[in-house]
Amino acid sequence: MKRRDFKKIYLVLIAISAGFAAAFITAGVHSLFFTLLPIMAFGLGAFSSWGWGMLNGFLVFLSYTFTLSLMWTGGGPNLVYPLPYIAAFVTGGFSLPVIGALASAVRKGAGKAVSIIALMVLVIVTGWCGYSAVTQYGYYYQVAVTSTEDLKNLELYLPVGAVTGVPYRDLYRQPFRAAPPGALTGNFTQELVDTEYGTMLKLAIPDLHKDDVPEPRYTANIIFWQKSAPRQLIQLMPRKDVVPVNTVSWQQSFGPVKTAESRVIERFQVPVKITADKPAQVKLTCWNRTDRGEAVNFAYSRSDPYTERINQDMQTGDEWTFVPVEATSVMRISGISD
């Protein structure tokens, strides 16, 4: 076998190993190591012909994506399900073979047009990988009420989401409406009001929606959602009796890399009041969530939402009730699937 053939085999093995190692570093250390992919494709392509550079760029993508899929699925039949691989390739993975193919031109002279294009593509893809790997924040607040009684003129006084201790008013200015008809309550008003416990969210709902499945009940469902938000947690206020917990409920790992984890952060209590046209038992559920996520590959992400949840059966009336809240975070690595 010729020396040139040995070199090609070595580069192929390096491409596969590099993709494998980069996946572990990105998932286990920091998502910004995602930017290694176009740099490795370029480096391998610079020592190859355009054809072998394209192959090595593709092998970097494939070994990297396969390793992340193994972390996500844990193995089994889902590991070879093609949709996540196709989605990752179409949404940006194709750029790695392109960079690998173009990189050989740089070795032949950086002044040539193809070399300039190769460097531009490298900078653009690396920049995009770096941008998508930075953690993006979003805010989500949902209230659901269920009762066996047909209640009128329902008023809810709820803790408000606050950022650094200040009520975050922007979240409540535009309720989320993009849902199937009947899925969300449309006839209601919202405002932030001053109470004896501080600023609270007041929701006024004239009528509840009747739902006959699986048995007659009356419901309301309201969502406020801001998909791009400040890089800070939004937390329910006012609160009292805060008890730090910081306990892992469950965890999954792939080798040294933690791929999924559920953690209880803290527990506390918040004041709530619900009034209506008559006394009745209602079930109140409220989610206050900070979405946090970053890309670890093309069409693969790591999410770690922080959620504060109220889940309480209570009586309508003019009295305040302090209800328990549990704050949790759930981290996982995942790709696009069916």
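Residues numbered from 1 in each chain as written. Predicted model: local features only at pLDDT ≥ 70, side-chain atom pairs only at ≥ 80, totals over all residues. Heavy atoms only, no water.

**Student:** Lay out the packing of aromatic side chains with the relevant residues and their values.
**Tutor:** Considering all chains together, one arrives at 19 aromatic pairs under this definition. Connected via pairs of aromatic rings, a cluster forms that spans Tyr141, Tyr172, Phe188 and Phe224. The side chain of Arg239 reaches across the aromatic face of Phe268, ending 3.8 Å from its centre. The ring centre of Tyr140 lies 4.0 Å from the NZ or CZ of Arg289, which sits over that ring. (Phe/Tyr/Trp six-rings, centres within 6.5 Å; stacked < 30°, edge-to-face > 60°. Lys NZ or Arg CZ within 6 Å of the ring centre and 35° of its normal.)

**Student:** Tell me about the pairing of strand 2 (residues 152-163), and name the residues and values.
**Tutor:** Counting buried residues in strand 2 gives nine out of 12 residues, a clear majority hidden from the surface. Across seven bridges, strand 2 lies against strand 5 (residues 198-207) in antiparallel orientation. By the bridge assignment, Glu155 is partnered in strand 5 with Ala204. Two strands pair when backbone bridges link them, and strand 2 and strand 10 (residues 257-275) are joined in this way by three bridges, in the antiparallel orientation. Residue pairing in the sheet places Tyr157 in a bridge with Lys273 of strand 10. For strand 2 and strand 8 (residues 235-237), the ladder comprises three bridges, and the chain directions are antiparallel. Across the sheet, residue Ala162 finds its bridge partner in strand 8, namely Gln235. Relative to strand 3 (residues 166-167), strand 2 is paired through two bridges, and the arrangement is antiparallel. (Buried < 20%, exposed > 50% of the residue type's maximum accessible area, 1.4 Å probe, protein only. Helix = DSSP H or I, 4+ residues; strand = E, 2+ residues; numbered from the N terminus. Pairing = 2+ DSSP bridges.)

**Student:** Mind laying out the nonpolar core, listing which residues take part and the relevant values?
**Tutor:** Formed by 40 residues in total, the largest nonpolar core has its most connected members in Tyr141, Val143, Leu156, Leu203, Phe224 and Leu284. Taken together, the elements giving at least two residues each to this core come down to strand 1 (136-147), strand 2, strand 5, strand 7 (217-226), strand 10, strand 11 (281-297), strand 13 (306-315) and strand 14 (321-335). Here this core gets five residues from one element, more than from any other, and that element is strand 2. Among the nonpolar cores identified, the runner-up in size contains 34 residues, and Leu11, Ala22, Val60 and Ala103 belong to it. (Core = buried A, V, L, I, M, F, W, Y, C linked by side-chain atoms within 4.5 Å.)

**Student:** For the packing of helix 2 (residues 36-46) against helix 3 (residues 50-73), give the residues involved together with the corresponding values.
**Tutor:** Their axes nearest at 8 Å, the elements helix 2 and helix 3 cross at an angle of 150 degrees. Between helix 2 and helix 3, the angle falls in the class roughly antiparallel. As helix 2 runs across helix 3, the sense of the crossing is right-handed. Two secondary-structure elements touch here, helix 2 through Leu37, Met40, Ala41, Leu44 and Gly45 and helix 3 through Gly53, Asn56, Gly57, Val60 and Tyr64. Considered class by class, the residues forming the contact of helix 2 with helix 3 number six nonpolar, four polar and no charged. (Axes fitted to C-alpha atoms, helices over the stretch in contact; angles between N-to-C directions. Parallel < 35°, antiparallel > 145°, perpendicular 65-115°, else oblique. Left-handed = near helix turned anticlockwise from the far one by under 90°. Contact = heavy atoms within 4.5 Å. Nonpolar A, V, L, I, M, F, W, Y, C, P; charged D, E, K, R; others polar.)

**Student:** Any chance you could break down the pairing of strand 1 for me, citing the residues and the numbers?
**Tutor:** When a strand is regular, its side chains alternate between the sheet's two faces. Most of strand 1 sits out of view: 10 of its 12 residues are buried. Pairing of strand 1 with strand 11, which is carried by 12 bridges, proceeds in the antiparallel orientation. When the bridges of strand 11 are listed, Tyr141 appears paired with Asn288. Pairing of strand 1 with strand 7, which is carried by nine bridges, proceeds in the antiparallel orientation. Residue pairing in the sheet places Ser147 in a bridge with Tyr218 of strand 7.

**Student:** Got a sec to walk through the environment of Trp52? Specific residues and values, please.
**Tutor:** Mapping Trp52 onto the fold places it in helix 3. Considering only alpha carbons, one finds Trp52 and Lys8, 44 residues apart in sequence, at a separation of 7.6 Å. Excluding residues that lie within four positions of it along the chain, Trp52 makes contacts with Lys8 and Val12.

**Student:** Tell me about a nonpolar patch on the surface, residues and numbers included.
**Tutor:** Together, Ile9, Tyr10, Leu13 and Ile14 give the surface a local cluster of nonpolar side chains, amounting to about 400 Å² of exposed area. If you trace the backbone, Tyr10 turns up in helix 1 (residues 3-28). (Patch = residues over 30% accessible without salt bridge, like charges linked within 9 Å, V, L, I, M, F, W, Y side chains within 5 Å. Areas by Shrake-Rupley, 256 points an atom, 1.4 Å probe, with all protein chains shown as cover. Salt bridge = Lys/Arg side-chain N within 4 Å of Asp/Glu carboxyl O.)

**Student:** Give a detailed account of helix 5 (residues 95-107), specifying residues and quantitative values.
**Tutor:** Over its 13 residues, helix 5 extends 19 Å from the first C-alpha to the last, a length consistent with the 18 Å expected when each residue adds 1.5 Å. All of the buried residues in helix 5 are Ser95, Leu96, Pro97, Ile99, Gly100, Ala101, Ala103, Ser104 and Ala105. For helix 5, the elements touching its buried residues are helix 2, helix 3, helix 4 (82-93) and helix 6 (113-133). (Expected span 1.5 Å × (residues − 1).)

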